[in-house]
Structures are given as structure tokens and as C-alpha cells.
Amino acid sequence: AEETLEFTPLAQALSINIGTPSPHWAAGMKAAAGAARAAGLPWVLDPVAVGATSYRQALCGDLLALEPAVIRGNASEILALAGAAARGKGADSADPVEAAEAAARALAQRSWAVVAVTGPVDYVTDGTRAWRVHNGDPMMPKVTALGCSLTALVAAFVAVEAADRAEATVAALACFGLAGEIAARGASGPGSFAVALIDALHAMTPEALDLGARVEPS
Ligand SMILES: Nc1ncnc2c1ncn2[C@@H]1O[C@H](COP(=O)(O)OP(=O)(O)OP(=O)(O)O)[C@@H](O)[C@H]1O
Ligand SMILES: Cc1ncsc1CCO
Ligand SMILES: [Mg+2]
């Protein structure tokens, strides 16, 4: 809260993750989102476990009013954010991605945001266009906070491709999922997988992403 007004304009994009909220953090999040909006910077929202508590629900309501460029969550989080019934278990999803597609479209249409629902096959929509991203590996949901990491990567992609936030989001999801596929080849469990994923992201090239991305319009 003390620094966001000065730090935010130094960035080209902002990622806000409500993972462990409290009033002091919430004030910092709102000040940062407001500073990003004032500076014309895109910002990305990760509504961690939003359906689990009324405090998170209210905080996300306040943050939505500050116009995120992209919202990235699992199916239960997107359902809860859109006001629909969700079965999320804390930060984990208990709903299939398909169950949140209509909620994602509705959320995108009533806000300015591109909405990404992640899971075995990811779904991205700007309210009009939509895509499915097939990249990923079943080891990914066994490492908590990979969704949070992905939201930060979405912010990085939006920072350099602000002209089309939806395409930037799709590319970030394909990149992260493909890195997961590469990491899984050499990993023996979630611990070595997490390390290998960082290495695979570091080694990713535009050519490898073009070859390995599995994206379809929906
Ligand atoms: N069963 C699966 N198979 C393949 N990829 C998956 C699977 N589940 C999730 N992923 C991938 O894992 C990444 C993180 O998405 P996920 O939906 O698990 O986020 P999340 O629930 O917000 O995670 P966290 O809250 O732990 O940060 C995405 O790239 C997604 O495509
Ligand atoms: C960032 C964060 N904070 C609590 S859980 C978590 C990751 C799961 O979303
Ligand atoms: Mg999450």
C-alpha cells in the first residue's frame, strides 16, 4: 500500500493476485489497480479462491470496478466471480472448464476484461471471440500456485501485445502449457517438475511455441 502508487507507473503491466488478502493488502491492490488505470497500463486479475469467503467476493467486486484487462482463474473461480454457483475447494477448482464457459462470456460482456478459464483444456473469451488451448500436463495442478504464475505470465504477454489482449492471453496460456509438457518429460514428480518448468519457460523460443501451440477457435 505504501509503494504501489510509485511502483506501478514503472511497469508495463500489473498482475494482482488476491491469494492471501487482508485490509492492508486490499488497499495496496486497489491503489495499484487505480494507478494502472490512470496510467493506461493493462492489469490482470487472479481471483484466488474468490467463492470461498465473502471477503474475497467483496474485494473482487471492488477490483472489477477498476477494469482489469484480463481475468485468469480456474473454473470454480470464474463461476463465483460471475455470480454463479461454484463448487471450488479453496484455491482448487471442482468444476469442469466447460461449466464456466457461459459465465466467462457473460463476465467478459459485462466488463472490459478478456476472461481465461484454465484447466485440462483452457478457454479464453473476449465476449465475442473464443479459443480453446489444449497445451498442458496433468502434473500442473499438483503444484499449487502454477495458476498464479500463469497469471503473471499473462500480464507479461499483455505488456508487449497490448493491441490484442485476447491473443496475448491465448499465447501466454499456450506457452505455459507447452512448457509444462516439456517439463513433464524429464520430471519424476511435482518437485522436480516445478524446477523443470522454470527451465522450460526460460528455454522457450517463438519457433518452439509456433510448433507446439495447440490452439483452436471456439
Ligand atoms: N488436468 C490438467 N491437464 C493439463 N493441464 C492442466 C490441468 N489442470 C491445469 N492445467 C494447467 O495448469 C495451469 C494452471 O491452471 P489451474 O487451472 O490449475 O490454475 P489454478 O487452479 O488457479 O492454480 P493455483 O491456484 O494453484 O495457482 C494452466 O496452464 C492449465 O492449463
Ligand atoms: C498465491 C496464493 N496464495 C494463497 S494460495 C495461492 C496460490 C493458489 O492460488
Ligand atoms: Mg489460482
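See the structure printed just above.
Residues numbered from 1 in each chain as written. Chains lettered and ligands numbered in written order. Predicted model: local features only at pLDDT ≥ 70, side-chain atom pairs only at ≥ 80, totals over all residues. Heavy atoms only, no water.

A few points about the overall build of the protein chain
(1) Moving on: From N to C terminus, the protein chain includes nine helices and seven strands.
(2) Moving on: When the 218 residues of the protein chain are sorted by exposure, 46% land in the buried category.
(3) Moving on: Long-range contacts, defined here as pairs at least 24 residues apart, represent 64% of the contacts in the protein chain between residues at least 6 apart.
(4) Moving on: Carbon and sulfur atoms make up 58% of the accessible area of the protein chain, which amounts to about 10200 Å² in all.
(5) Moving on: Each charge class in the protein chain was averaged separately, 14 positive and 22 negative side chains, and the resulting centres sit 7 Å apart. (Helix = DSSP H or I, 4+ residues; strand = E, 2+ residues; numbered from the N terminus. Buried < 20%, exposed > 50% of the residue type's maximum accessible area, 1.4 Å probe, protein only. Contact = heavy atoms within 4.5 Å. Areas by Shrake-Rupley, 256 points an atom, 1.4 Å probe, with all protein chains shown as cover. Lys, Arg positive; Asp, Glu negative; His and termini not counted. Charge placed at Lys NZ, Arg CZ, Asp CG, Glu CD.)

Observations regarding the packing of aromatic side chains
Think of a pair of aromatic rings as described by two things: how far the centres are apart, and how the planes are tilted against each other in angle.
(1) Moving on: If you walk through the whole model with that rule in mind, you get zero aromatic pairs.
(2) Moving on: The ring of Trp112 is capped by Arg165, whose NZ or CZ atom sits 3.8 Å from the centre of that ring. (Phe/Tyr/Trp six-rings, centres within 6.5 Å; stacked < 30°, edge-to-face > 60°. Lys NZ or Arg CZ within 6 Å of the ring centre and 35° of its normal.)

Some details on the site of ligand 1
(1) Moving on: Around ligand 1, the structure places 20 residues, and the nearest of them are Asn74, Thr118, Asp122, Ala145 and Gly147.
(2) Moving on: Between ligand 1 and the protein, one listed contact pairs a nitrogen atom with a backbone N or O atom of Asp137 at 3.3 Å.
(3) Moving on: Ala145 places a main-chain nitrogen or oxygen 2.8 Å from an oxygen atom of ligand 1.
(4) Moving on: Burial of ligand 1 by the protein chains amounts to 89% of its free accessible area of 620 Å².
(5) Moving on: The set of elements that each furnish at least two residues to the shell around ligand 1 consists of strand S3 (70-74) and helix H6 (146-160).
(6) Moving on: Broken down by element, the shell around ligand 1 gets its largest block of residues, four residues, from H6.
(7) Moving on: Split by residue class, the shell around ligand 1 holds 10 nonpolar, six polar and four charged. (Near = heavy atom within 4 Å. Polar contact = N/O pair within 3.5 Å; in protein donor to acceptor, adjacent residues only side chain to side chain. Nonpolar A, V, L, I, M, F, W, Y, C, P; charged D, E, K, R; others polar.)

Describing the pairing of strand S1 (residues 14-17)
(1) Moving on: Residues Leu14 and Ile16 of S1 are buried on one face, while the alternating residues Ser15 and Asn17, pointing to the opposite face, are not.
(2) Moving on: Across four bridges, S1 lies against strand S2 (residues 43-46) in parallel orientation. Bridged to Ser15 within S2 is Val44.
(3) Moving on: With helix H2 (residues 23-39) bridging S1 and its parallel neighbour S2, the resulting β-α-β unit is right-handed. (Pairing = 2+ DSSP bridges. Right-handed = clockwise from strand over helix to strand, strands pointing away.)

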